[in-house]
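# Summary of structural features
Okay, here's what each chain looks like letter by letter:
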Amino acid sequence: DAGITQSPRHKVTETGTPVTLRCHQTENHRYMYWYRQDPGHGLRLIHYSYGVKDTDKGEVSDGYSVSRSKTEDFLLTLESATSSQTSVYFCAIGQPDQPLHFGNGTRLTVT
Amino acid sequence: GENVEQHPSTLSVQEGDSAVIKCTYSDSASNYFPWYKQELGKGPQLIIDIRSNVGEKKDQRIAVTLNKTAKHFSLHITETQPEDSAVYFCAASISNYQLIWGAGTKLIIKP
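No experiment lies behind these values; they were computed from the predicted model shown.

Scanning chain A from terminus to terminus reveals zero helices and eleven strands. Mapped from its N terminus to its C terminus, chain A presents α and β elements in the order β-β-β-β-β-β-β-β-β-β-β. With the principal axes as the frame, chain A shows a C-alpha extent of 35 × 30 × 25 Å. For chain A, with 111 residues in total, the buried portion stands at 48%. Sequence separation of 24 or more characterises 53% of the internal contacts of chain A that already satisfy a separation of 6 or more. Summed over its atoms, the accessible surface of chain A is roughly 5300 Å², and 45% of this surface lies on carbon and sulfur atoms. Taking the 11 positively charged and 12 negatively charged side chains of chain A as two groups, their mean positions are separated by 4 Å.

What follows deals with the state of the cysteines. All names here are of chain B. Inspection of every chain in the model, using the stated rule, returns two disulfides over all chains. Across the disulfide, Cys23 is cross-linked to Cys90 (sulfur-sulfur distance 1.9 Å). What sets the handedness of the Cys23 and Cys90 disulfide is the S-S torsion sign, and at about -100° it is left-handed. With Cys23 in strand 3 (residues 19-25) and Cys90 in strand 9 (residues 86-93), this residue pair connects regions lying 67 residues apart in the sequence. A single burial state applies to Cys23 and to Cys90, both of which are buried.

Along the chain, A:Ser7 connects to A:Pro8 via a cis peptide bond; the corresponding omega equals -10°. Tracing the chain through its elements places A:Pro8 in the loop between strand 1 (4-7) and strand 2 (10-13). Cis geometry marks the peptide bond from B:His7 to B:Pro8, where omega comes out at -5°. Its location among the elements puts B:Pro8 in the loop between strand 1 (4-7) and strand 2 (10-14).

To continue, consider the pairing of strand 5 (residues 42-51) of chain A. All names here are of chain A. The element strand 5 is largely enclosed, with a buried count of nine among its ten residues. Judged from the seven bridges that link them, strand 4 (residues 32-38) and strand 5 form a sheet pairing that is antiparallel. The partner of Tyr33 across the bridge, within strand 5, is Tyr48. The antiparallel hairpin formed by strand 4 and strand 5 contains three residues in its connecting segment, where Gly40 sits at a positive phi of about 80°. Pairing between strand 5 and strand 6 (residues 54-57): four bridges, direction antiparallel. Directly across from Tyr48, in strand 6, lies its bridge partner Asp56. Hairpin connection between strand 5 and strand 6: a loop of two residues separates the two successive antiparallel strands, and Lys53 in this loop has a positive phi of roughly 70°.

Further remarks concern the packing of aromatic side chains. Summed over the entire model, instances satisfying the criterion amount to 15 aromatic pairs over all chains. Relative to A:Tyr50, the ring of A:Tyr48 has its centre 6.3 Å away and its plane inclined at 50°; by these criteria the two rings are tilted. Of the residues examined, A:Tyr50 reaches a relative accessible area of 30% and is grouped as partly exposed. Taking the centre distance of 5.8 Å and the plane angle of 90° together, the rings of A:Phe102 and B:Tyr36 count as edge-to-face. Taken together, the residues A:Phe102 in strand 10 (residues 101-102) and B:Tyr36 in strand 4 (residues 32-38) connect one chain to another. Taken individually, A:Phe102 and B:Tyr36 each receive the classification buried, so the pair is uniform in this respect. Through pairs of rings, three or more aromatic residues link up here, namely A:Tyr33, A:Tyr35, A:Tyr48, A:Tyr50, A:Phe90, A:Phe102, B:Tyr36, B:Phe89 and B:Trp101.

What counts as what
- Residues numbered from 1 in each chain as written.
- Chains lettered and ligands numbered in written order.
- Predicted model: local features only at pLDDT ≥ 70, side-chain atom pairs only at ≥ 80, totals over all residues.
- Heavy atoms only, no water.
- Helix = DSSP H or I, 4+ residues; strand = E, 2+ residues; numbered from the N terminus.
- Buried < 20%, exposed > 50% of the residue type's maximum accessible area, 1.4 Å probe, protein only.
- Contact = heavy atoms within 4.5 Å.
- Areas by Shrake-Rupley, 256 points an atom, 1.4 Å probe, with all protein chains shown as cover.
- Lys, Arg positive; Asp, Glu negative; His and termini not counted.
- Charge placed at Lys NZ, Arg CZ, Asp CG, Glu CD.
- Disulfide = S-S within 2.5 Å.
- Pairing = 2+ DSSP bridges.
- Phe/Tyr/Trp six-rings, centres within 6.5 Å; stacked < 30°, edge-to-face > 60°.

Written as structure tokens, this is what we have:
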């Protein structure tokens with residue numbers, strides 16, 4: 001398995017609080033992605049990165065920000081969590097148009 | 001926006017029988033079509049992919065067919081086994097090299 005670690009694996013937080021999810025990879029891969037997974041929607045891209053300090057928005061980026069200060073770490077921040085952001089979040093690495101390797105996800109509940 | 005429709009949402013087949021999952025896509029520029037398998041509590045894992053210059057691809061019990069004219073592609077699993085039980089996702093690349101995902105199919109293999 002590709003070396004991708006997501007932390008935390010589970011988190012419960014209250015509406016309005018900031019939350020940061022971490023993705024750490026040991027593959028030295030240039031491209032990293034954050035997806036959210038919700039029933040009936042498959043996976044939807046939030047943000048992606050194509051290098052250190054190089055990021056771009058995906059299809060559901062509102063309410064989320066990202067940072068990539070090192071090749072191995074890609075952080076996803078919810079500045080002020082809302083109940084609609086309750087979801088399972090997956091980090092992935094991989095070249096565009098090539099197979100992606102996913103972490104095991106972070107289950108986030110916003111109460 | 002671009003979308004991928006996946007059917008059926010749930011598929012129950014007898015062990016040893018074949019299973020077929022179908023997807024249609026909207027972006028005529030799509031040229032990469034992966035299929036992922038997701039087991040409970042884990043991230044999706046690539047099982048097979050196909051590119052637009054190929055009509056069919058096989059890997060042991062798994063095959064994918066692509067009809068670019070009709071903009072649909074299908075996953076075929078033959079001689080199904082209990083370990084094939086999982087959720088399967090199709091996806092299609094869109095013009096900026098990102099993926100749009102289907103909503104998923106829960107495959108149940110009955111003993």
